[in-house]
Amino acid sequence: MSHVHDHENHVGRGPRPGITGSLRHDLESGGSPWTGASTEPEPAVTLGEPPEGVTRSSDGIPPDVLSLEDARRWAAGWALHVGSRLTTQPGVSFHGTPGDRRTPGSDRVTVELNGAVLGRLCNVRDPGQPFGWGYTGAGPSALAKSLLVAALGQAAACPGCRGTGKVTWLATGSAHPVPWEPAHDDLAALATAEEAEAVITACDGCDGEGLAVHPRLYHRLVTDLVAGRWQQGHGWRVSRDELLDWVNTTLGAAWAQVIS
Ligand SMILES: [Zn+2]
């Protein structure tokens, strides 16, 4: 089947700098975003301090004692500071293996390089909870968000808080908060808000999570791939490059607004 391309659809949406010729061709020809040239995310935000307990020897599952909000911030910190070292290596792919349908949560998703398993994918939306695919719901949403964060690495950090999820309003500062730093804790640790030299709050830009991958982006990956192409009870594999291509193809010029 042949068809004529309507190039007007792409006016004003032009490919962002860095999109390679072959990917641009895919964009304009309506080709699948799952094939095409490798692209790289924008330069990373300089990360702030990781949450307590996020170390290279930690496994990506936050301590049980944390609230959901703190657990999400912890998992985001782990994915940005620790997981990204593995997940942004050239040639990395993500591999879903179906488990027993009668055992909820037995599906698993691993990070792989040249056939070797590097580790499990960190769940940044529902920490410690199972992933799912082939349908829409919490498990697939968590998978889509976690895949994008893993593929983008440090470029997934919220610039408003440098991935910490927290901002500081300095008493002597401007009308805008600054990304939280550990030294701000001392400034804020006075008896009352009136006496304190700083007030620390959750970052508005990311709802206190530290990640710039918003629901409108990862829900679309659910539609396009996680629920749209993958089948429940069946395995799948997607490369980091394919996910980055999808980000470029999907967002076009809007990329900068979502990721930066
Ligand atoms: Zn933020």
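Just so you know, these numbers come straight off a predicted model, no measurement behind them.

Peer 1: Could you clarify how one ought to interpret the pairing of strand β7 (residues 236-239) in this entry?
Peer 2: Looking along a regular strand, one sees the side chains alternate between the two faces of the sheet. Residues W236 and V238 point to one face of β7 and are all buried, whereas R237 and S239, pointing to the other face, are not buried. In terms of strand pairing, strand β1 (residues 92-97) meets β7 through 4 bridges, oriented antiparallel. Bridge pairing in β7 places G96 opposite W236.

Peer 1: Got a minute to help me understand the coordination of the zinc ion in this structure?
Peer 2: The expected angle between donors at a tetrahedral four-coordinate metal is 109.5 degrees. At an octahedral six-coordinate metal it is 90 or 180 degrees. On the protein side, the zinc ion has C158 (SG), C161 (SG), C203 (SG) and C206 (SG) as donor atoms, found 2.3 Å from it. For the zinc ion, the 4 donor atoms are set out with angles of 104 to 113° between them, so the coordination reads as tetrahedral. Mapped onto the sequence, the donors of the zinc ion take the spacing C-x2-C-x41-C-x2-C. Of this pair, C158 sits in the loop between α3 (138-152) and β4 (166-170) while C206 sits in the loop between β6 (198-202) and α5 (215-226), and the two are 48 residues apart along the sequence. Judged by its relative accessible area of 5%, C158 is buried. For C206, a relative accessible area of 6% translates into the label buried.

Peer 1: Can you help me understand the nonpolar core in this one?
Peer 2: Nonpolar side chains in soluble globular proteins generally cluster together in the buried interior. Judged by nonpolar contacts, the single largest core of 48 residues is most densely connected at F94, L143, W230 and W236. Beyond its immediate sequence surroundings of up to four residues, L143 is in contact with V109, L121, F131, G132, W133, V226, W230 and W236. Judged by nonpolar contacts, the second largest core, of 5 residues, contains C158, C161, V167 and C206.

Peer 1: In this structure, what is going on with the pairing of β1? I would like to understand it.
Peer 2: Inspection of the sheet shows β1 paired to strand β2 (residues 108-113) by 6 bridges, in the antiparallel sense. Bridge pairing links S93 to E112 in β2.

Peer 1: Sorry if this is basic, but what is going on with the sheet that holds strand β5 (residues 178-179) here?
Peer 2: To summarise the sheet geometry, strands pair through backbone hydrogen bonds and adopt either a parallel or an antiparallel arrangement. Across the sheet, which stays open at both edges, the 3 strands sit in the order β5-β4-β6 with antiparallel pairing between neighbours. Looking along the sheet, the strands with just one partner apiece sit at the ends: β5 and β6. Pairing between β4 and β6: 5 bridges, direction antiparallel. Looking at β6, one finds that K166 is bridged to A202.

Peer 1: Explain the sheet that holds β7 here, please?
Peer 2: On the basis of which strands lie adjacent, the open sheet formed by 4 strands has the order β3-β2-β1-β7 and antiparallel pairing. This sheet does not close on itself; its edge strands, each paired only once, are β3 (116-120) and β7. Neighbour-to-neighbour, the strand axes of this sheet turn through a mean angle of 30°, independent of strand direction.

Peer 1: I would appreciate a short explanation of the confidence of the model for the chain in the present structure.
Peer 2: When pLDDT is low, close inspection of the predicted coordinates is not appropriate. Across the chain, the average pLDDT comes to 81, with 77% of residues at 70 or higher. Scored below 50 in pLDDT, residues 1-38 shows 52 contacts in the model against residues more than four places distant or in partner chains. In this model, residues 256-260 is a region of pLDDT below 50 whose contacts with residues beyond four sequence positions or in other chains number 12 contacts.

Peer 1: How do you make sense of the pattern of salt bridges when you look at a structure like this?
Peer 2: Close approach of charged atoms lets side chains of opposite charge pair. On inspection of all chains with the given rule, the structure shows 5 salt bridges. Residue D126 is joined to R125 by a salt bridge in which the shortest nitrogen-to-oxygen separation is 3.0 Å. Residue classification places D126 among the buried positions, given a relative accessible area of 16%. For R125, a relative accessible area of 19% corresponds to the buried category. E209 is the salt-bridge partner of K145, the closest N and O atoms lying 2.5 Å from each other. Of this pair, K145 sits in helix α3 while E209 is found in the loop between β6 and α5, placing the two residues 64 residues apart along the sequence. Salt bridges here are not isolated pairs; linked through shared partners, they connect R72, R125 and D126.

Peer 1: Whenever I open this one, the packing of aromatic side chains confuses me. Can you help?
Peer 2: Counting across every chain of the model gives 2 aromatic pairs. The interplanar angle of 90° and the centroid separation of 5.5 Å between the aromatic rings of W133 and W236 together place this pair among those described as edge-to-face. You can see W133 sitting in the loop between β3 and α3 and its partner W236 sitting in strand β7, a full 103 residues away along the chain. By the burial criterion, W133 is buried, and W236 matches it. Measuring from ring centre to ring centre gives 3.8 Å for W230 and W236, while their planes differ by 5°; the resulting arrangement is stacked.

Conventions adopted
- Within every chain, residues take consecutive numbers counted from 1 along the sequence as written.
- Since the coordinates come from a predicted model, pLDDT governs what is reported: local features require at least 70, and pairs of side-chain atoms require 80 or more to be given and counted, while whole-chain, interface and lining totals use all residues.
- Derived side-chain values reflect all non-hydrogen atoms in the structure, with water molecules and hydrogen atoms excluded from consideration.
- Residue burial is assigned from relative accessible area. The probe radius is 1.4 Å, only protein chains are included, and a residue is buried under 20% of its type maximum, exposed over 50%, and partly exposed in between.
- Secondary structure elements follow DSSP: runs of H or I of four or more residues count as helices, runs of E of two or more count as strands, with numbering from the N terminus.
- Should DSSP find at least two bridges between two strands, the strands are taken to pair.
- Sodium, potassium and calcium take a 3.2 Å donor cutoff, other metals 2.8 Å, and in both cases only N, O and S atoms count; water is not among them, so sites may look incomplete.
- Every angle between 85 and 135 degrees makes a four-donor site tetrahedral, while opposite donors more than 155 degrees apart, with all other angles between 65 and 115, make a four-donor site square planar and a six-donor site octahedral; other sites are irregular.
- To form a nonpolar core, buried Ala, Val, Leu, Ile, Met, Phe, Trp, Tyr and Cys residues must be joined to one another through side-chain atoms within 4.5 Å.
- Any pair of residues with heavy atoms lying within 4.5 Å of one another is described as a contacting pair.
- All axes are obtained by fitting lines to C-alpha atoms, using only the stretch in contact for helices, and the reported angles, taken between N-to-C directions, cover 0 to 180 degrees.
- Each residue carries a pLDDT value, the predictor's own confidence for that position, ranging from 0 to 100.
- By salt bridge we mean one thing: a side-chain nitrogen of Lys or Arg within 4 Å of a carboxyl oxygen of Asp or Glu.
- Centres within 6.5 Å are what make two rings of Phe, Tyr or Trp a pair, Trp counting through its six-membered ring; a difference in plane orientation under 30 degrees is then read as stacked, over 60 as edge-to-face, and the rest as tilted.

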